[in-house]
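# Analysis of the macromolecular model
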Amino acid sequence: MDHFIYKNGALHAEDVPVAEIAAAVGTPFYVYSTATLLRHFHLFDDALDGLDHLVCYAMKAASNQAILKTLAQAGAGMDVVSGGEYRRAKAAGVPGDRIVFSGVGKTAAEIRLALEGGIRQFNVESEPEMEVLNATALAMGQMAPITIRVNPDVDAKTHAKIATGKSENKFGIPISRAREVYALAASMDGLEVIGIDVHIGSQLTDLAPFEAAYQKVAELTETLRADGHNIRRLDLGGGLGIPYARDNQAPPLPVDYGALVKRTLGHLGCEIEIEPGRLIAGNAGLMVSEVIYVKSGEDRDFLIIDGAMNDLIRPAMYEAYHDIIPVIEPAPGVDQVKFDIVGPVCESGDTFAKGRFMSPVTAGELVAFRSAGAYGAVMSSEYNSRPLIPEVLVNKDQFAVIRRRPTFDEMINRDTIPEWL
Ligand code: LLP
């Protein structure tokens with residue numbers, strides 16, 4: 001459920017007409033709903049009610065500080081994967097003890113940054129990383145709290161580019177080697193082993209892979225405890241999918257996911273962390289774009305819009321489906337027409353949808369991409385020298401620009417010309 005609905009014939013973000021935002025900031029732009037962000041955070045938080053738990057929002061999904069602050073004020077922690085994300089979380093006011101650090105390639109500098117600023121735990125992904133973390137912590141006179149990410153070799157049944165829990169993926173250590181690697185960690189004086197971490201992939205639409213992975217984590221918890229490790233925290237990653245197309249069968253709900261967590265892991269008495277990104281931010285954001293031309297091709301009509309693959313890369317990169325709707329509510333019973341919906345970038349991959357049926361729209365009209373809040377703005381680039389598009393946050397009847405559109409000069413003047421030219 002989200003808070004982007006038609007009212008009085010026009011698409012609204014909460015109580016603000018989307019067209020009003022377009023008039024203020026120009027197109028294309030991203031707009032997020034505070035109510036939807038909070039609703040999704042609370043769905044997870046409530047689903048884990050009764051367990052000692054922390055929902056650590058995977059901020060890679062949408063990392064604007066206004067979004068982070070909205071969620072942090074509601075009680076969320078953050079899952080970060082780079083020094084940049086760590087700094088951003090801190091800048092948004094998230095305390096270090098609510099930040100977990102994930103990722104396969106943490107550098108010594110990033111580790112130092114987090115140890116200096118405070119960190120809830122590092123999710124360690126390899127033995128070489130463990131050694132760098134140990135040495136860095138010792139040099140700073142600290143003990144770094146860690147979980148070790150295990151790769152449970154479970155098929156997440158999602159797009160290959162976002163599956164992470166199979167043995168061929170680069171993530172975690174093979175669960176079969178866990179005892180050995182935990183023993184090594186326990187022998188290092190700069191590390192405090194506190195738990196286990198697992199994340200098997202993103203946009204999962206079935207609970208079965210989670211169940212398979214969490215059962216393995218439950219068994220491993222008992223084994224490691226028997227080996228003498230004080231396993232008291234389980235980080236279960238993110239990955240629960242969202243409905244992208246309204247006629248698709250909806251993926252399981254956070255409440256079902258929470259019940260699964262309780263069923264598979266509740267008896268262990270561990271503190272539970274989860275790292276949802278997409279389910280919190282995905283349906284909390286739209287990308288809004290203006291139709292530039294309707295072009296008749298030989299066998300199809302193209303809707304050429306001012307948003308492009310550099311602004312929203314998911315269709316080009318993952319063949320992702322995004323619902324695209326007119327901002328003016330279509331009249332009831334109007335015939336749907338078929339378009340290829342494309343951006344202005346000079347490659348055929350700049351295609352958002354092929355043969356998509358939608359209500360007729362014409363040049364100058366606005367269209368909205370639904371479910372664009374996660375992995376939208378954060379994955380955008382300036383390809384074709386197109387400046388990053390603005391982000392706007394709505395809260396009831398108010399809206400604020402939370403990242404403005406840079407000027408062309410700002411973009412161009414970042415280049416420096418060597419003096420020999
Ligand atoms: N935790 C870890 C360690 C992760 O790697 C990820 C996502 C998450 C949590 C959050 O997963 P979520 O709840 O959002 O599914 N750009 C792709 C998605 C990449 C996901 C990467 N890792 C897309 O647009 O579909």
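Residues numbered from 1 in each chain as written. Predicted model: local features only at pLDDT ≥ 70, side-chain atom pairs only at ≥ 80, totals over all residues.

## Re the packing of helix 2 (residues 34-47) against helix 9 (residues 254-265)
A pair of packed helices is characterised by two quantities: the angle between their axes and the separation of those axes. Where helix 2 meets helix 9, the closest approach of the two axes is 8 Å, and the angle between their N-to-C directions is 25 degrees. Relative to helix 9, the element helix 2 lies roughly parallel. When the axes of helix 2 and helix 9 are compared, the crossing they make is right-handed. Between helix 2 and helix 9, the residues in contact are L43, F44 and A47 and P254, V255, Y257 and G258, respectively. (Axes fitted to C-alpha atoms, helices over the stretch in contact; angles between N-to-C directions. Helix = DSSP H or I, 4+ residues; strand = E, 2+ residues; numbered from the N terminus. Parallel < 35°, antiparallel > 145°, perpendicular 65-115°, else oblique. Left-handed = near helix turned anticlockwise from the far one by under 90°. Contact = placed C-beta atoms within 7 Å.)

## Digging into the nonpolar core
Counting residues in hydrophobic clusters, the biggest one holds 116 residues, and the most contacted among them are V18, V31, M78, I146, V288 and A368. Among the elements that take part in this core, helix 8 (residues 208-226) stands out by supplying six residues, more than any other. Here this core spans two domains, and each of domain 1 (4-31 + 282-412) and domain 2 (35-281) adds at least three residues to it. (Core = buried A, V, L, I, M, F, W, Y, C linked by C-beta atoms within 7 Å. Buried ≥ 20, exposed ≤ 12 C-beta atoms within 10 Å, placed from the backbone. Domains from an automatic or database assignment.)

## Some remarks on the environment of N310
The residue N310 is located in the loop between strand 15 (301-305) and helix 11 (314-318) in this model. Of the residues examined, N310 has 22 C-beta atoms within 10 Å and is grouped as buried. For the pair N310 and A144, spaced 166 residues apart in sequence, the C-alpha to C-alpha distance is 38 Å. The residues contacting N310, other than those within four sequence positions of it, are V345, S380, S381, E382, Y383, N384 and R386.

## Let's talk about the site of the ligand
Near the ligand you find 20 residues, and of these A58, S202, G238, G277 and Y375 are the closest. Of all the secondary-structure elements, those providing two or more residues to the shell around the ligand are helix 10 (278-281) and helix 11. When grouped by side-chain class, the residues that make up the shell around the ligand number eight nonpolar, eight polar and four charged. Lining the shell around the ligand are residues from two domains, each supplying at least three of them: domain 1 (4-31 + 282-412) and domain 2 (35-281). (Near = placed C-beta within 6 Å. Nonpolar A, V, L, I, M, F, W, Y, C, P; charged D, E, K, R; others polar.)

## Description of the UniProt feature "binding site: pyridoxal 5'-phosphate" (unreviewed entry) in the protein chain
Using the residue numbers shown here, the UniProt feature "binding site: pyridoxal 5'-phosphate" (unreviewed entry) corresponds to G239, E275, P276, G277, R278 and Y375. Here P276 shows up in the loop between strand 13 (271-274) and helix 10. The class for P276 is buried, based on 28 C-beta atoms found within 10 Å. Dropping the residues within four chain positions of it, P276 is found in contact with F44, V55, Y57, A58, G238 and L240. In this fold, R278 is placed in helix 10. For R278, a count of 25 C-beta atoms within 10 Å gives the class buried. The contacts of R278, once residues within four sequence positions are left out, are A61, S202, Q203, I242, A374 and Y375. (UniProt positions renumbered as here; feature names shortened; annotations may be inferred.)

## What about the domain arrangement of the protein chain?
If you check the domain split of the protein chain, you get domain 1 (4-31 + 282-412) and domain 2 (35-281). Taking only C-alpha atoms into account, the centre of domain 1 sits 32 Å from that of domain 2. Listed per partner, the contact involves 20 residues of domain 1 and 21 residues of domain 2. Every element with two or more residues in the side of domain 1 that touches domain 2 is listed here: strand 20 (391-395) and strand 21 (398-403). In the side of domain 1 that touches domain 2, the residues fall into 10 nonpolar, six polar and four charged.

## Section: the sheet that holds strand 3 (residues 16-17)
One open sheet accounts for three strands, arranged 1-2-3; its pairing is antiparallel. Where the open sheet ends on each side, the last strands, each with one partner, are strand 1 (4-7) and strand 3. Two elements, strand 2 (residues 10-13) and strand 3, share two bridges in a ladder whose sense is antiparallel. Across the sheet, the residue bridging to H12 is P17, located in strand 3. (Pairing = 2+ DSSP bridges.)

## Quick word on helix 4 (residues 83-91)
Restricting attention to buried positions, one finds in helix 4 the residues E85, Y86, A89 and K90. An end-on view of helix 4 places all buried positions within 135 degrees of arc, on one side of the element. In helix 4, the exposed residues that point more than 90 degrees away from the buried face are G84 and A91. Each element contacted by the buried residues of helix 4 is listed here: helix 3 (65-73), strand 6 (77-80), strand 7 (99-101) and helix 5 (108-117). (Arc of directions from axis to C-beta.)

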